[in-house]
Amino acid sequence: MARIIYKSAAEIARIREAGRVVSTVLAEMREAVAPGVTTGELDAMAFHIIREHGGVPSFVGQRQGHIVYRSAICASVNEEVVHGIPGSRRLNEGDVVSLDVGVRLHGFHADSAITVAVGQVDDETARLLQVTRESLWAGIRAVRHRGRLHDVSRAVQEYVEQRGFSVPKELSGHGVGRQLWEPPAVFNYVDAGHENPPLLEGLVIAIEPMVNAGRAEIGVLDDGWTVVTQDGRPSAHFEHTIAVTKGGCEVLTLGPHDPWPEARRPRDCNHHEAGEDRHERTKL
Ligand code: MG
Ligand code: MG
């Protein structure tokens, strides 16, 4: 079991700064998504905004075996679950696109994702997006100081499965810090074999439900990156980077791309002053 690296308040402040850039990128891309737009155009937009803020795209240079990732974002359309490579593909009315962004700023990463409907989508797909987003917030609400990591995994899993959707077993969230992927792995289901550390102040994790409309089984395309559903049905992905605090947690990538769910604000998260202030500012 790899060692968890707990972060100081100063380090969390840096992750919060990176998180602000991530949120800005996602908010701009959400506005730009429309029929006819290519995923490569969204990627170019992300590169531009990240550089403008003095950051570096976290995903560039990440390796899968000998294959190196070259894009600032992952853009996963319809049956693509995660790790879709941006390019010349044009979005069509009725598609859904999962947009995942990581930014490194002052030596620390932040990571967040949203899934966006392109124009009008069918009712089941709209429900998939809603349930996936709410399952992320169910996971965030489950974070309690001195609770356990499996509390988060269980909250996500129950929220998703009770609504008839499924979580792929091979994918997980992760610790976030000087590395984009640090221990612990944050799975979206409970398995006794997964590590289950206590949730202590200074733990920073990316909670990221990936939810399939149909069956949980996934595969990887020949490009070595793109994860797809085996049954060809759509998948969605929402993600926030959070820090465990004495009072619960703070969402470090909170912003206009994914604000608090209306009237369902978690009581035990971001209740401290800094989080409140930042949320008000990022609404502008
Ligand atoms: Mg991500
Ligand atoms: Mg992540």
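In this report, the structure presented in the accompanying data block is examined. Keep in mind that what you see is a predicted model, and the values were worked out from it rather than measured.

### Points about the overall build of the protein chain
- From N to C terminus, the protein chain includes 5 helices and 16 strands.
- By the compact-globule yardstick of 19 Å for 284 residues, the protein chain fits well, its C-alpha radius of gyration being 17 Å.
- Taken along the three principal axes of its C-alpha coordinates, the protein chain extends 45 × 45 × 40 Å.

### As for the sheet that holds strand 13 (residues 227-229)
- If you trace the 3 strands from one edge of the open sheet to the other, you get 5-13-12, paired in antiparallel fashion. Strands at the two margins of the open sheet, each flanked by one partner only, are strand 5 (80-82) and strand 12 (218-220). Averaged over all pairs of adjacent strands, the angle between their axes in this sheet comes to 40°, without regard to strand direction.
- Pairing analysis gives 2 bridges linking strand 5 to strand 13, with the strands arranged antiparallel. Of the residues in strand 13, the one forming a bridge with valine 82 is valine 227.

### Description of the environment of lysine 246
- Within the secondary structure, lysine 246 is located in the loop between strand 15 (240-245) and strand 16 (248-251).
- Taking the C-alpha atoms as reference points, lysine 246 and serine 135, 111 residues apart in sequence, are found 23 Å from one another.
- When neighbours within four sequence positions are excluded, lysine 246 is seen to be in contact with His145 and Glu201.

### Considering unusual backbone geometry
- Cis rather than trans, the peptide bond between proline 183 and proline 184 has omega equal to 5°.
- Mapped onto the fold, proline 184 is located in strand 9 (residues 182-187).
- Positive phi, normally seen in glycine, also occurs at asparagine 78, with a value near 55°.
- Relative to the assigned elements, asparagine 78 resides in the loop between strand 4 (73-77) and strand 5.
- For histidine 106, which is not glycine, the phi dihedral falls at a positive 50°.
- Locating histidine 106 in the fold gives a position in the loop between strand 6 (96-105) and strand 7 (108-117).

### A look at helix 4 (residues 149-161)
- The end-to-end C-alpha separation of helix 4 is 19 Å, in line with the 18 Å expected for 13 residues at 1.5 Å each.
- Where helix 4 is concerned, the buried positions are Leu149, His150, Val152, Ser153, Ala155, Val156, Gln157, Tyr159 and Val160.
- Each element contacted by the buried residues of helix 4 is listed here: helix 3 (123-141), strand 9, strand 10 (204-207) and strand 11 (210-212).

### What to know about the pairing of strand 7
- Counting buried positions along strand 7 gives 9 out of 10 residues, so the element sits mostly inside the fold.
- In terms of strand pairing, strand 6 meets strand 7 through 10 bridges, oriented antiparallel. If you follow valine 96 over to strand 7, its bridge partner there is alanine 117.
- The loop that links strand 6 with its antiparallel partner strand 7 comprises 2 residues; one of these, histidine 106, has a positive phi angle of about 50°.

### Examining the nonpolar core
- The biggest cluster of nonpolar side chains holds 77 residues, and the ones touching the most others in it are Val25, Ala46, Val97, Leu99, Val101 and Ile242.
- Per-element accounting of this core gives the leading share, 8 residues, to helix 1 (residues 9-32).
- Residue contacts for isoleucine 242: discarding those within four places in its chain leaves Ile140, Val143, Ile205, Ile207, Cys249, Glu250, Val251 and Leu252.

### Re the sheet that holds strand 15
- If you trace the 5 strands from one edge of the open sheet to the other, you get 9-8-10-15-16, paired in antiparallel fashion. With one partner strand each, in any of the chains shown, strand 9 and strand 16 form the two edges of the open sheet. When the angles between neighbouring strand axes are averaged without regard to direction, this sheet yields 30°.
- One ladder, built from 2 bridges, connects strand 8 (residues 172-175) with strand 10; its direction is antiparallel. Bridging from a neighbouring strand, glycine 175 pairs with isoleucine 205 of strand 10.
- Running at roughly 35° to strand 9, helix 4 makes contact with strand 9 and strand 10 of the sheet.

Conventions used here
Residues numbered from 1 in each chain as written. Chains lettered and ligands numbered in written order. Predicted model: local features only at pLDDT ≥ 70, side-chain atom pairs only at ≥ 80, totals over all residues. Helix = DSSP H or I, 4+ residues; strand = E, 2+ residues; numbered from the N terminus. Rg over C-alpha atoms; globule rule 2.2 N^0.38 Å. Pairing = 2+ DSSP bridges. Axes fitted to C-alpha atoms, helices over the stretch in contact; angles between N-to-C directions. Contact = placed C-beta atoms within 7 Å. Expected span 1.5 Å × (residues − 1). Buried ≥ 20, exposed ≤ 12 C-beta atoms within 10 Å, placed from the backbone. Core = buried A, V, L, I, M, F, W, Y, C linked by C-beta atoms within 7 Å.

Keep in mind these numbers describe shape, not what the thing actually does.
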